[in-house]
Amino acid sequence: MAGTKAPRVAHAKKAGDVGAFLAELEHPRKAEIEALRALILGADERVREAVKWNAPSFYIEEHFATFKLRPVEKIQVVFHTGAKVKSDARALQIDDPAGLLSWPARDRCVATFVDRDDVRAKEAAFVGIVKQWIEQTTGTTA
């Protein structure tokens, strides 16, 4: 997608209004964002969403996953244990048979998708990662 201009980032009236944020978002990977959003929300009935760090973010008690909307050539979901890397962070053990994740720190990883076909092909693996992350960061299962 060379030459693609940066997405126009929406500014929802309420911090938690992800629907309004996405309605205003102009992004070439919006369909992928919507599909991944649905997978995250469907992974555990306790998951809630809000706009945080100028992107859709997901939480139960604490925020655990946030979209990274740039660069626009791909979509990334950052799994984390808070805004900043903790020096005493516990290493998480996530089964990742599809090789979706890269690990920039012990307590955060990034799932990357290039297009809708990539999302479809890796849906089950992604939902498994979401469930494992929730279980390991909250200590509970759905």
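This structure is a prediction, so every number in the text was calculated from the model and none was measured. Here the residue index of a chain counts from 1 through its sequence in written order. With the structure being a predicted model, the display of local features is reserved for residues of pLDDT at least 70 and the display and counting of side-chain atom pairs for 80 or more, all residues being used for whole-chain, interface and lining totals. Hydrogens and water are ignored here; the side-chain numbers use all heavy atoms of the structure.

### As for the overall build of the protein chain
Item 1. Check the secondary structure of the protein chain and you find four helices and six strands.
Item 2. Going along the chain from the N terminus, every DSSP run of H or I of four or more residues is numbered as a helix, and every run of E of two or more is numbered as a strand. Counting helices and strands in the order they occur from the N terminus, the protein chain gives α-α-β-β-β-β-β-β-α-α.
Item 3. Counting across all 142 residues of the protein chain, residues that qualify as buried make up 44%.
Item 4. Contacts were defined at the residue level, with two residues in contact if any of their heavy atoms lie within 4.5 Å. Put simply, of all contacts in the protein chain between residues at least 6 apart along the chain, 54% involve residues at least 24 apart.
Item 5. The Shrake-Rupley method, run with a 1.4 Å probe, gives the accessible areas here. Residue values count only the displayed protein chains as cover. Accessible area of the protein chain: about 7,500 Å², with a carbon and sulfur share of 50%. Categorising residues by exposure relies on relative accessible area from a 1.4 Å probe, with only protein chains included: less than 20% of the type maximum marks a residue as buried, more than 50% marks it as exposed, and the intermediate range marks it as partly exposed.

### Brief notes about the packing of aromatic side chains
Item 1. Any pair of Phe, Tyr and Trp rings, taking the six-membered ring for Trp, is counted once the centres come within 6.5 Å. Such a pair is stacked with planes under 30 degrees apart, edge-to-face with planes over 60 apart, and tilted for the rest. As enumerated under the stated definition, the model contains five aromatic pairs in all.
Item 2. Where Phe 58 meets Phe 67, the ring centres are 6.0 Å apart and the plane angle is 65°; that geometry is what we call edge-to-face.
Item 3. Summarising the aromatic geometry, the rings of Trp 103 and Trp 133 are spaced 5.9 Å apart at their centres and angled 35° between planes, so their arrangement reads as tilted. On the criterion of sequence distance, the pair formed by Trp 103 in strand β5 (residues 101-105) and Trp 133 in helix α4 (residues 123-138) is long-range, its members being 30 residues apart.
Item 4. Take Trp 103: its relative accessible area is 36%, and that puts it in the partly exposed class.
Item 5. By relative accessible area, Trp 133 is classed as buried at 0%.
Item 6. Ring-pair connections join several aromatic residues into one group, and the members of that group are Phe 79, Trp 103, Phe 113, Phe 126 and Trp 133.
Item 7. Directly above the aromatic system of Trp 53 lies the positively charged group of Lys 52, at a separation of 4.9 Å from the ring centroid. Sitting over a ring, as applied to charges here, requires NZ of Lys or CZ of Arg to be within 6 Å of the ring centre and within 35 degrees of the ring normal.

### Focus on the nonpolar core
Item 1. One finds Leu 36, Phe 64, Phe 67, Phe 79 and Phe 126 to be the most contacted residues of the largest nonpolar core, which totals 36 residues.
Item 2. Elements that contribute at least two residues to this core include exactly α1 (18-24), α2 (30-43), β2 (55-59), β3 (63-68), β4 (75-79), β6 (108-113) and α4.
Item 3. Look past the residues within four positions of Phe 67 in its chain and what remains in contact with it is Ile 33, Leu 36, Arg 37, Ala 55, Pro 56, Phe 58, Ile 75, Gln 76 and Val 77. Only buried residues count toward a nonpolar core, which is a set of Ala, Val, Leu, Ile, Met, Phe, Trp, Tyr and Cys residues joined through side-chain atoms within 4.5 Å.

### Topic: the pattern of salt bridges
Item 1. Here, a salt bridge means any side-chain nitrogen of Lys or Arg that lies within 4 Å of a carboxyl oxygen of Asp or Glu. The final tally for this structure, using the stated rule, is seven salt bridges.
Item 2. Between Arg 37 and Glu 34 there is a salt bridge; the shortest N-O distance is 3.4 Å. Within this pair, Arg 37 and its partner Glu 34 are both found in helix α2, separated by three residues, close to a single helical turn.
Item 3. By relative accessible area, Arg 37 is classed as buried at 16%.
Item 4. A salt bridge links Arg 120 to Asp 117; its shortest N-O distance comes to 3.2 Å. Of this pair, Arg 120 and Asp 117 both sit in helix α3 (residues 116-121), three residues apart, which is roughly one turn of the helix.
Item 5. Because the salt bridges share partners, they merge into one network encompassing Glu 34, Arg 37 and Glu 49.

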